[in-house]
Amino acid sequence: MDQDTQRNPMMEFWKEHSKSATVEEMMLDSNAQQLTQHELPEILSMLPCLAGSDILELGAGIGRYTQHLIGRARHVTAVDFMENFVEKNRADNSHRGNAEFLQADVTQLDFPKHSFDMVFSNWLLMYISNQELKALAEKMLGWLRPGGHLFFRESCFHQSGDSKRDFNPTQYRTPAHYNHLMTSVLLDESEKGEKKCYGFDIVLNKTVQTYVKMKKNQNQLCWLLQKVRRDVVEQHQAGFSTFQQFLDNQQYTHKGILRYEKMFGSGYVSTGGLSTTKEFVDMLNLTPGQKVLDVGCGIGGGDFYMAKTFAVEVLGMDLSSNMVEIAMERAVTEKLPLTCLLVVGDTAKFGIDPIPNTYRVQFEVSDATKRRFPDCTFDVVYSRDTILHIKDKVDLFRKFYSWLKPGGKLLISDYCCGEEPWSPAFQDYVNQRGYILYTPHRYGQFLSEVGFTNVQALDRTEQFVQVIKSELQRAEEIKDDFIQEFSMEDYDDIINGWREKLQRCETGDQRWGLFYATKN
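Quantities reported herein were computed from a predicted structural model and do not represent experimental measurements. (Residues numbered from 1 in each chain as written. Predicted model: local features only at pLDDT ≥ 70, side-chain atom pairs only at ≥ 80, totals over all residues. Heavy atoms only, no water.)

How should I be thinking about the environment of F280 in this particular structure?
Of note, F280 is situated in helix α11 (residues 273–282). Taking the C-alpha atoms as reference points, F280 and Y516, separated by 236 residues in sequence, lie 9.4 Å from one another. In this structure, F280 is in contact with R384, L411, S413, R460, Q463, W512 and L514, ignoring residues within four places of it in sequence. (Helix = DSSP H or I, 4+ residues; strand = E, 2+ residues; numbered from the N terminus. Contact = heavy atoms within 4.5 Å.)

So this is what it looks like as structure tokens:
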């Protein structure tokens, strides 16, 4: 299909819906004013610091976001397809003096490379073809300066607005489609013999909660991506563009996660499942209404337990989209009245109907090392067997410290190691998994260094060993069921993996730590 064949219906569609250049027309929704009141601060809160930045706003419309971006940035270039929208935006916002307003087809835009610190797009990509989307993603990567960000928001699965439409040229893609396409785009920017290849990392992918709360609509999703170097790839990540792709395609495949769950218990992919969750959560003395951040939430078992048992609000974040998708499925089977949920799968399959309640569980695909929260947001930061993946633990612990309220609590369990030198077998294991391990004592020192007090760094390896033995015993009891659900090969593989954990602990190479600390 040629471009004119694609563009003519789009032009006619938006001519019909831009006659008066109102927010209701632009959003295709009679409740646009009320939605905007709540949505604007939510969307803007997800953006990085924009002070002194140059922003390209695509699909700017009548300037619903332009006016706020202008107030924060050094300069904004606002682009839209429809003349009426551009003129309305110019009339309302040109007096600020730091914006340019362009009427253009985004697929035909061209800017010098490294022109912008951020590209911001709200409801645009769903109006271009897959081929155009890929080409535009490559262009945006080039327009951004290294370290710059791309923010976009789209309707997935189905429409949201209630405006009558004689026809609808919109492409409602799945979140997985956007995730895969955006993280697969690569750009060679080599200069003077120095190889430089760039791509996008996902910083954040989550639902727009205004639509969940006001319309029980979970198909509004947004992304924050960052332009990063791709020419240096970790050893364990070879063959994958991003660490997230490594996790979802190597260690945490959909099948692999379900095999772990079979061993740990329904809803869990961390040591001891519900039993250790109960023990460790009891140390936190949770009270109703507290806010808990679960870093590396897995498939959500611990989050559901905390929310149901203690009436707290939990935000579960994980870099693995496979984990979060399964967490959504578990949310349905739990029959929890959740108010805010990230959807990375098929909403029709999930059939979720959120009901407002005194507690809530939220999920998001995000990178804890890049995620931003205001200081003093959470009462508790909780993490189970996850931080072993993260290289700069001190920097992450500084983030945890800033995110916690005064008096807030931190609880982490994690894989650790014994003193070096390690056995060759353990070194190979660590390299293959890409783990970054420290002794429990050193781990505790990191926490103290960033300001935490009352630090308890406990070596719980003996408990780890006993839990593994009990899980192996349970595996023998459910062997037939396991083989029927998976295969004999899967059973042998998982059993051998558990036995190897025991061997690594017996040699003293592998340890398991439990860490508790508070913020004064």
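On we go.
Honestly, the packing of α11 against helix α12 (residues 301–310) in this entry has me stumped. Any pointers?
The relative placement of two packed helices comes down to the angle between their axes together with the axis-to-axis distance. Between α11 and α12, the least distance of the axes is 11 Å, while the angle of their chain directions is 50°. Taken together, α11 and α12 sit at an angle that is classed as oblique. Remark: the crossing between α11 and α12 carries right-handed chirality. Mapping the contact onto sequence places L274, T277, K278, V281 and D282 in α11 and G302, Y305, M306 and F310 in α12. (Axes fitted to C-alpha atoms, helices over the stretch in contact; angles between N-to-C directions. Parallel < 35°, antiparallel > 145°, perpendicular 65-115°, else oblique. Left-handed = near helix turned anticlockwise from the far one by under 90°.)

Please explain the pattern of salt bridges as it appears in this structure.
Proximity of charged atoms lets side chains of opposite charge pair with each other. Counted under the stated rule, the structure contains 23 salt bridges. D54 is the partner of R145 in a salt bridge, and the nearest nitrogen-oxygen pair spans 3.0 Å. Placement of R145 in strand β5 (residues 144–155) and of D54 in strand β1 (residues 54–58) is noted, with a sequence separation of 91 residues between them. Judged by relative accessible area, R145 falls into the partly exposed class, the value being 25%. In this structure, D459 and R511 form a salt bridge, with 3.2 Å as the shortest nitrogen-oxygen distance. One end of the pair, D459, is in strand β14 (residues 453–459); the other, R511, is in strand β15 (residues 510–518), and 52 residues separate them in sequence. Taken together, the salt bridges that share partners define one network made up of D54, R74, D117 and R145. (Salt bridge = Lys/Arg side-chain N within 4 Å of Asp/Glu carboxyl O. Buried < 20%, exposed > 50% of the residue type's maximum accessible area, 1.4 Å probe, protein only.)

Help me understand the packing of helix α10 (residues 254–264) against helix α18 (residues 461–477) in this model?
For the pair α10 and α18, the least separation of the axes is 9 Å and the interaxial angle reads 100°. When the axis of α10 is compared with that of α18, the two are roughly perpendicular. Here K262, M263 and F264 of α10 lie close against α18, whose contacting residues are E471, R474 and A475. Among the residues forming the contact of α10 with α18, the class breakdown is three nonpolar, no polar and three charged. (Nonpolar A, V, L, I, M, F, W, Y, C, P; charged D, E, K, R; others polar.)

Got a minute to help me understand α10 in this structure?
Across the eleven residues that make up α10, a large majority, nine, are buried. One or two residues past the end of α10 sits G265, with phi positive at roughly 110°.

Is there a simple way to think about empty space enclosed by the protein in this case?
Vacant regions in the atomic arrangement are exposed by a probe of water-molecule size rolled over the atoms. For the structure shown, the criterion picks out three cavities of 30 Å³ or more. In this model, the second largest cavity occupies a volume close to 50 Å³. Around the second largest cavity, the lining residues are S45, M46, V203, L204, L224, K370, R371 and R372. Classifying every residue of the lining of the second largest cavity gives four nonpolar, one polar and three charged. (1 Å grid on protein atoms, 1.4 Å probe; cavity = no way out; pocket = protein on both sides within 12 Å on 5 of 7 lines; lining within 4 Å. Points joined across faces, edges and corners; volume = space filled by probe spheres on them.)

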